[in-house]
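# Structural description and commentary
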Amino acid sequence: MLSARVIPCLDVKDGRVVKGINFVDLIDAGDPVEQAKLYDAEGADELTFLDITASSDNRDTLLDVVSGTAEHCFMPLTVGGGVRKEADIIALLRAGADKVSINTEAVRRPEFVKEAAEKFGSQCIVVAIDAKRNGSGKLQVFTHGGRESTGLDAIRWAEQMVEYGAGELLVTSMDRDGTRKGFDIELISRISNRVSVPVIASGGVGGLEHFAQGVLDGGATGVLAASVFHFGEFSIAEVKKDMASRGVKVRS
Amino acid sequence: MNLVIIDYGSGNLRSASKALERVKSSRSTVCVTKDPDVVASADYLILPGVGAFPDCKKGITVLPGMIDAIAENVVSKGRPFLGICVGMQLMSAVGHEYETTNGFGWLPGEVIKIETELKLPHMGWNELTIKSLGHPLFKNVDQGAFFYFVHSFHMQLKEEKFVLATTDYGEPIAAVVGKDNMIGTQFHPEKSQKMGLLMLENFLNWRP
């Protein structure tokens, strides 16, 4: 039986790991390759790097991080942040990424997702959706780390991205991110019920029980978190043990 | 030993070569090549594959002499061959992803879409049910060990004896197939951490 994936995310800026609370006030902490090795040894099921370097000048530092990680970690690696053109995808895959995640560019030019899926295969195209409730409670898509509203309905957008060839959706609640209140289960379950591809829940983990909720209540097949792992609050093993105790199949 | 990975513009060859570098003996070399002569003379041949069946097949066909070089090495010389993911699927007679495309025809069967209510692609870590327990590939590999899968199509073989291990995803999925000197894994050993590396090591120690 397929196991639920526990995915630590490393937010990388200028080649260093950072993790923000609600995407601002970044706290520097560490070398991404060392962190990746640690997660690998702990039994993480996948790794995700999210590059939050603002300028494209420092793009090469990310590629170094990816290739350094691929050198040591024989596990699936997803890289997102600033993926805007075919050449970005080629460079990341060559460096050792297995999947790339596309966010802002998908909103700006949805055909990019279609083209990328046709060229590289759906299995390596993840669309990242940052969703947030607007004033009237509607779930909408945001870009630029949650700063810019697109006016797009998050559920409809998820369906469209799957039609365009996304092989997986990484769904982050911008309302919950950094709050430690748990995943936005309504957001995750509404999307996972509507699409045929795997959904990864992200944003808001604060307690061990939240991971299992993402799978059992949200219908996610993977659960992603950054801070709780990064600051050593929970180990991957603790998370998996808790998930298993609640009836979620995990890889031991 | 010359370990040769066929480079036909598909996916992530770096992972496969890094993983082989990790497990190979010091006397062996890993070579990633587009050169049919190098392929024909390989001691161990590895065909990774990411993407769609027709694209992968086309990627190989457009390299002059490559199809013949693979057949010479694997079929005539009988050197150990490992196909990974779509590289494994290409061992079949025919694939039905997007369009009908002929494979190498080494194994009687076809590659069809997984029929399930579950999410597709079948993506993540799934358990192996080893059927051919005595096969050297499974040395020290536990029954029920987890491997990393990413695929929506699977190989359906006419003869069960070529299915060496399965995994369950709504229905039994051929996870490892093999015949004589040929092995194919639907999962990615190069992405399956310790167990994957162990299987690659077993492959390199295999003397069919």
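Heads up: these notes are all about the structure in this document. (Residues numbered from 1 in each chain as written. Chains lettered and ligands numbered in written order. Predicted model: local features only at pLDDT ≥ 70, side-chain atom pairs only at ≥ 80, totals over all residues. Heavy atoms only, no water.)

### Here's the deal with the overall build of chain A
Test applied: Counting from the N terminus, the helices are DSSP H or I runs at least four residues long and the strands are E runs at least two residues long. Within these notes, the globule rule equals 2.2 Å times the number of residues to the 0.38 power, and the radius of gyration is based on C-alpha atoms. Throughout this description, buried means an accessible area under 20% of the type-specific maximum (1.4 Å probe, protein chains only), exposed means over 50%, and partly exposed covers the range between. The criterion used for residue contact is that any of the two residues' heavy atoms lie within 4.5 Å. In this description, accessible areas are obtained by the Shrake-Rupley approach with a 1.4 Å probe, and a residue is regarded as covered only by the protein chains that are shown. When charges are counted, neither His nor the chain ends are considered; positive counts come from Lys and Arg and negative counts from Asp and Glu. By convention, the charge on Lys lies at NZ, on Arg at CZ, on Asp at CG and on Glu at CD.
The helix and strand inventory of chain A stands at 10 helices and 12 strands. Taken against the 2.2 N^0.38 rule, which gives 18 Å for 252 residues, the C-alpha radius of gyration of chain A at 16 Å falls within 12% of a compact globule. Taken over the C-alpha atoms alone, chain A extends approximately 45 × 45 × 40 Å along its principal axes. Out of the 252 residues in chain A, the part that is buried amounts to 60%. Here the contacts in chain A between residues at least 6 apart in sequence split such that 65% fall between residues at least 24 apart. Accessible area of chain A: about 9700 Å², with a carbon and sulfur share of 48%. If the 29 positive side-chain charges of chain A are averaged to one point and the 37 negative ones to another, these points end up 4 Å apart.

### Some points on the interface of chain A and chain B
Applied cut-off: When two parts are put together, the accessible area they lose, computed with a 1.4 Å probe and summed over both, is reported as buried area. Think of a salt bridge as a Lys or Arg side-chain nitrogen and an Asp or Glu carboxyl oxygen that are within 4 Å of each other. Here a polar contact means two N or O atoms within 3.5 Å. Within protein one must be a hydrogen donor candidate and the other an acceptor candidate, and residues neighboring in sequence count only if both atoms are side-chain atoms. For this classification, Asp, Glu, Lys and Arg are treated as charged, while Ala, Val, Leu, Ile, Met, Phe, Trp, Tyr, Cys and Pro are nonpolar and the rest, including Gly, are polar.
Between chain A and chain B, the residue contacts involve 38 residues of the former and 28 residues of the latter. Of the roughly 2700 Å² buried at the junction of chain A and chain B (both faces included), carbon and sulfur atoms supply 52%. Our count for the contact surface shared by chain A and chain B stands at four salt bridges. Among the ionic pairs, E127 of chain B bridges to K249 of chain A, the shortest N-O distance being 3.0 Å. For the interface between chain A and chain B, the tally reads 21 residue pairs in polar contact (both at pLDDT 80 or more). Counting residues per element, the ones that place at least two in the side of chain A that touches chain B are α2 (59-72), α3 (86-95) and α5 (111-120) of chain A. Top element by residues in the side of chain A that touches chain B is α2 of chain A. It accounts for four residues. Here the side of chain A that touches chain B is built from residues that sort into 15 nonpolar, 11 polar and 12 charged.

### Things to note about the state of the cysteines
All names here are of chain A. Our working definition: In plain terms, two cysteine sulfur atoms within 2.5 Å form what is called a disulfide here.
A full pass over the atoms with the stated rule returns zero disulfides over all chains. As a non-bridged cysteine, C9 has C73 as the owner of its nearest cysteine sulfur, 15 Å distant. Classification of C73 as buried rests on a relative accessible area of 3%.

### Remarks on the packing of aromatic side chains
Counted only if it meets this: Aromatic contacts are taken between Phe, Tyr and Trp rings whose centres are within 6.5 Å, Trp giving its six-membered ring; a plane angle under 30 degrees counts as stacked, one over 60 as edge-to-face, and the others as tilted. Placement of a positive charge over a ring is assigned whenever Lys NZ or Arg CZ falls within 6 Å of the ring centre and within 35 degrees of the normal to the ring plane.
Inspection of the entire model under this criterion finds nine aromatic pairs over all chains. With a centroid separation of 6.2 Å and an interplanar angle of 70°, the aromatic rings of Y39 of chain A and F229 of chain A are classed as edge-to-face. One end of the pair, Y39 of chain A, is in helix α1 (residues 32-42); the other, F229 of chain A, is in helix α9 (residues 227-230), and 190 residues separate them in sequence. According to the relative accessible area criterion, Y39 of chain A is buried, its value standing at 1%. On the basis of relative accessible area, F229 of chain A is assigned to the buried category, the value being 4%. Taking the centre distance of 4.8 Å and the plane angle of 40° together, the rings of F104 of chain B and W106 of chain B count as tilted. For the pair F104 of chain B and W106 of chain B, a shared accessibility class is recorded, and that class is buried. Here the aromatic residues Y39, F211 and F229 of chain A are joined through ring pairs into a cluster of three or more. The ring centre of F142 of chain A lies 4.8 Å from the NZ or CZ of K132 of chain A, which sits over that ring. Lying across the ring of W125 of chain B, R251 of chain A places its NZ or CZ 3.5 Å from the centre.

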